[in-house]
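# Observations on the model geometry
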Amino acid sequence: MYLISNTDRDYIIKYLGMMIAHTPQTGLRAVNAVRLAKQLVSKLEAKQPLPAEVTEALKNLPR
């Protein structure tokens with residue numbers, strides 16, 4: 001599992017949306033790539049942010 005910042009999450013959603021909008025739906029691979037991108041956007045948008053206590057605890061972990 002990976003933790004990403006809210007800003008990075010927003011950029012990922014933005015760029016996936018651009019990919020979905022600009023991918024020509026000419027072949028099965030393209031259609032499948034767009035379908036998977038839409039699923040990923042849905043999953044990312046459904047994620048809830050971590051509570052502030054957890055975020056602070058993660059920041060204080062030794063690396």
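These lines cover the structure that appears in this document, whether it is placed above or below.

Rules used in this analysis
- Residues numbered from 1 in each chain as written.
- Predicted model: local features only at pLDDT ≥ 70, side-chain atom pairs only at ≥ 80, totals over all residues.
- Heavy atoms only, no water.
- Helix = DSSP H or I, 4+ residues; strand = E, 2+ residues; numbered from the N terminus.
- Buried < 20%, exposed > 50% of the residue type's maximum accessible area, 1.4 Å probe, protein only.
- 1 Å grid on protein atoms, 1.4 Å probe; cavity = no way out; pocket = protein on both sides within 12 Å on 5 of 7 lines; lining within 4 Å.
- Points joined across faces, edges and corners; volume = space filled by probe spheres on them.
- Nonpolar A, V, L, I, M, F, W, Y, C, P; charged D, E, K, R; others polar.
- Expected span 1.5 Å × (residues − 1).
- Contact = heavy atoms within 4.5 Å.
- Salt bridge = Lys/Arg side-chain N within 4 Å of Asp/Glu carboxyl O.

## Here we look at the environment of His 22
Relative to the elements of secondary structure, His 22 occurs in helix 1 (residues 6–22). For His 22, a relative accessible area of 64% corresponds to the exposed category. Along the chain, His 22 and Val 34 lie 12 residues apart, while their C-alpha atoms are 9.7 Å from each other.

## Notes on the layout of surface pockets
As a volume, the largest pocket reaches approximately 720 Å³. If you trace the largest pocket, you find 18 residues lining it, with Tyr 2, Leu 3, Ile 4, Asn 6 and Leu 50 closest to the centre. Counting residues per element, the ones that place at least two in the lining of the largest pocket are helix 1, helix 2 (28–46) and helix 3 (52–59). Its residues assigned to classes, the lining of the largest pocket shows 9 nonpolar, 4 polar and 5 charged.

## Description of helix 2
Working note: α-helix, 3.6 residues per turn, so residues spaced by three or four point in the same direction. Between its first and last C-alpha atoms helix 2 spans 27 Å; for 19 residues at 1.5 Å apiece the expected length is 27 Å, and the two agree. Each element contacted by the buried residues of helix 2 is listed here: helix 1.

## So, the pattern of salt bridges
When the charged atoms of two side chains with opposite charge come close together, those side chains can pair. Tallied over the entire structure, the rule returns 2 salt bridges. In this structure, Asp 10 engages Arg 9 in a salt bridge whose closest nitrogen and oxygen atoms are separated by 3.0 Å. Accessibility expressed as a relative area gives 45% for Asp 10, which makes it partly exposed. Here Arg 9 falls in the partly exposed class, since its relative accessible area comes to 22%. Between Glu 56 and Lys 59 there is a salt bridge; the shortest N-O distance is 3.7 Å. With Glu 56 and Lys 59 both in helix 3 and 3 residues apart, this pair spans about one turn of that helix. Looking at Glu 56, the relative accessible area reads 42%, which means it is partly exposed. Exposure remark for Lys 59: the relative accessible area of 59% places this residue in the exposed category.

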